[in-house]
Amino acid sequence: MQSLTLTRPDDWHLHLRDGAAMADVLPHTARQFARAIVMPNLKPPVATTAQAMAYRERILAALPAGLAFEPLMTLYLTDNTSADEIRAAKASGIVHGVKLYPAGATTNSDSGVTDLRHCAAALAAMQAVDLPLLIHGEATDAAIDVFDREAVFVERTLIPLRRDFPGLRVVFEHITTREAADYVREAAGRIGATITAHHLLYNRNSLFVTTEGRTGARPHYYCLPILKRETHRRALIAAATSGNPRFFLGTDSAPHPRGEKENACGCAGCFTAANALELYAQAFEDAGALDELEGFASFYGADFYGLPRNAQQVTLERRAWRVPEQFKFGEASVVPLAAGEELRWKLA
Ligand code: DOR
Ligand code: ZN
């Protein structure tokens, strides 16, 4: 197969940041995707509908002429999010989900939820108005091994939460383990999961690599939830390529300035917006499942969110090319995932 034409896909999990940095990364996404669920973990977080509306306007104002792109906004759930705020968010028509960051789990999660019991009113309102809860699913107890935090979250938090709110629509974001994939496949009720390209392509060996006689830590492969063992990567591949509509594309593209990645305490996040579809195509082709890419990338997410599927198409061509070493990112630069590596597919 030399070219692959798909319905234009959407990105169901994206970090766009703000200001000049946002203006630099937004065109990469808009070239690849028609819509994206935009994460609210700015500083300060996007915690109200008014803030989401203002952020949406800033994104649209930064969009270069000729690129069609629709940002789908989210709210950042805090211990203090009220039921009224949830109802206002739903009524706005521009907010498509509410993001749960357990406090301390990841980048800009310090305003996150310290205890889900504080959110009972907000969660009840979300269930009532059918506004999805988007979950960063990692236990935050520092005593838990970082590679186990997702599996522990499923048992300790996700299962009880869904028992208490069985009608709540849930997206388990960026799943990284067999346990999460199994749970999503088998659970009752309305649940979906996004899967990143990097968790499909790489296991945790990629964090610590040996090439040409050199060994080292590779900060651009560090994200949260962290890359896992090969057994988990295989389980994610099986889920993504299964044709099960509960699994859909979410890049979790999370740009950071180069200096904040290549750092004694480097930030978590992989920047994949510029070559996302190419990375996914490679992962699906390696699994012998290119025919499942369109459902995963272009249909199932829209169906889950209750939005129309896109009408336009995009084409990928089989053409070897090298991923650039960096892109402009405000005053700094951002290093893409797989920088300098050769990929097989290229968006036309
Ligand atoms: O690696 C990550 N980066 N994981 C997250 O959950 C947040 C994200 C970011 O905002 O940088
Ligand atoms: Zn994210």
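Please read all numbers here as calculations on a predicted model, not as lab measurements.

Caption draft 1: Quick peek at the overall build of the protein chain. What the protein chain contains, in helices and strands, is eleven helices and 15 strands. Taken over C-alpha atoms, the radius of gyration comes to 19 Å for the protein chain, in line with the 20 Å a tight globule of 348 residues would show. Dimensions along the principal axes, computed over C-alpha positions, put the protein chain at roughly 55 × 45 × 40 Å. When burial is assessed residue by residue, the protein chain has 57% of its 348 residues classed as buried. Of all intrachain contacts in the protein chain linking residues separated by at least 6 positions in sequence, the fraction that spans at least 24 positions is 74%. Of the accessible surface of the protein chain, which amounts to about 13,700 Å², a share of 50% is contributed by carbon and sulfur atoms. Across the protein chain, the centroid of the 36 positively charged side chains sits 1 Å from that of the 40 negatively charged ones.

Caption draft 2: Representation of the coordination of the zinc ion (ligand 2). Protein-derived coordination of the zinc ion (ligand 2) comes from His13 (NE2), His15 (NE2) and Asp252 (OD), at a distance range of 2.0 to 2.1 Å. Since its relative accessible area comes to 6%, Asp252 is described here as buried.

Caption draft 3: Representation of the sheet that holds strand 12 (residues 313-322) within the structure. What the three strands build is an open sheet, ordered 1-12-15; its pairing is antiparallel. Pairing within the sheet leaves two strands with one partner each, and these edge strands are strand 1 (3-7) and strand 15 (342-347). The sheet shows a mean angle of 35 degrees between the axes of neighbouring strands, direction not considered. Looking at chain direction, strand 12 and strand 15 are connected through five bridges and run antiparallel. Looking at the pairing, Trp321 lines up with Leu343 of strand 15. Relative to the sheet, helix 11 (residues 293-305) contacts strand 1 and strand 12, its axis offset from that of strand 1 by approximately 30 degrees.

Caption draft 4: The sheet that holds strand 6 (residues 133-135), seen in detail. The sheet built from eight strands is open, its strands ordered 2-3-4-5-6-7-8-11 with parallel pairing. Looking along the sheet, the strands with just one partner apiece sit at the ends: strand 2 (11-14) and strand 11 (247-249). On average, each strand axis in the sheet is tilted by 30 degrees relative to the strand beside it, whichever way the strands run. With two bridges joining them, strand 2 and strand 3 (residues 35-38) adopt parallel strand pairing. Within strand 3, the position partnered with Leu14 by the bridge is Val38. The sheet strands contacting helix 2 (residues 49-62) are strand 3, strand 4 (70-76) and strand 5 (95-100), and the helix crosses strand 4 at an angle near 150 degrees.

Caption draft 5: View of the site of ligand 1. Close to ligand 1 lie His15, Arg17, Asn41, Thr106, Thr107, His136, Cys223, Leu224, Ala254, His256, Ala268 and Gly269. One of the backbone nitrogen or oxygen atoms of Leu224 is found 2.7 Å away from a nitrogen atom of ligand 1. His256 has a polar side-chain atom sitting 2.7 Å from an oxygen atom of ligand 1. Here ligand 1, which alone exposes 290 Å², has 100% of that area covered by the protein.

Parameters at a glance
- Residues numbered from 1 in each chain as written.
- Chains lettered and ligands numbered in written order.
- Predicted model: local features only at pLDDT ≥ 70, side-chain atom pairs only at ≥ 80, totals over all residues.
- Heavy atoms only, no water.
- Helix = DSSP H or I, 4+ residues; strand = E, 2+ residues; numbered from the N terminus.
- Rg over C-alpha atoms; globule rule 2.2 N^0.38 Å.
- Buried < 20%, exposed > 50% of the residue type's maximum accessible area, 1.4 Å probe, protein only.
- Contact = heavy atoms within 4.5 Å.
- Areas by Shrake-Rupley, 256 points an atom, 1.4 Å probe, with all protein chains shown as cover.
- Lys, Arg positive; Asp, Glu negative; His and termini not counted.
- Charge placed at Lys NZ, Arg CZ, Asp CG, Glu CD.
- Donors = N, O, S within 2.8 Å, 3.2 Å for Na, K, Ca; no water.
- Pairing = 2+ DSSP bridges.
- Axes fitted to C-alpha atoms, helices over the stretch in contact; angles between N-to-C directions.
- Near = heavy atom within 4 Å.
- Polar contact = N/O pair within 3.5 Å; in protein donor to acceptor, adjacent residues only side chain to side chain.

Distances and angles like these do not, on their own, reveal function.
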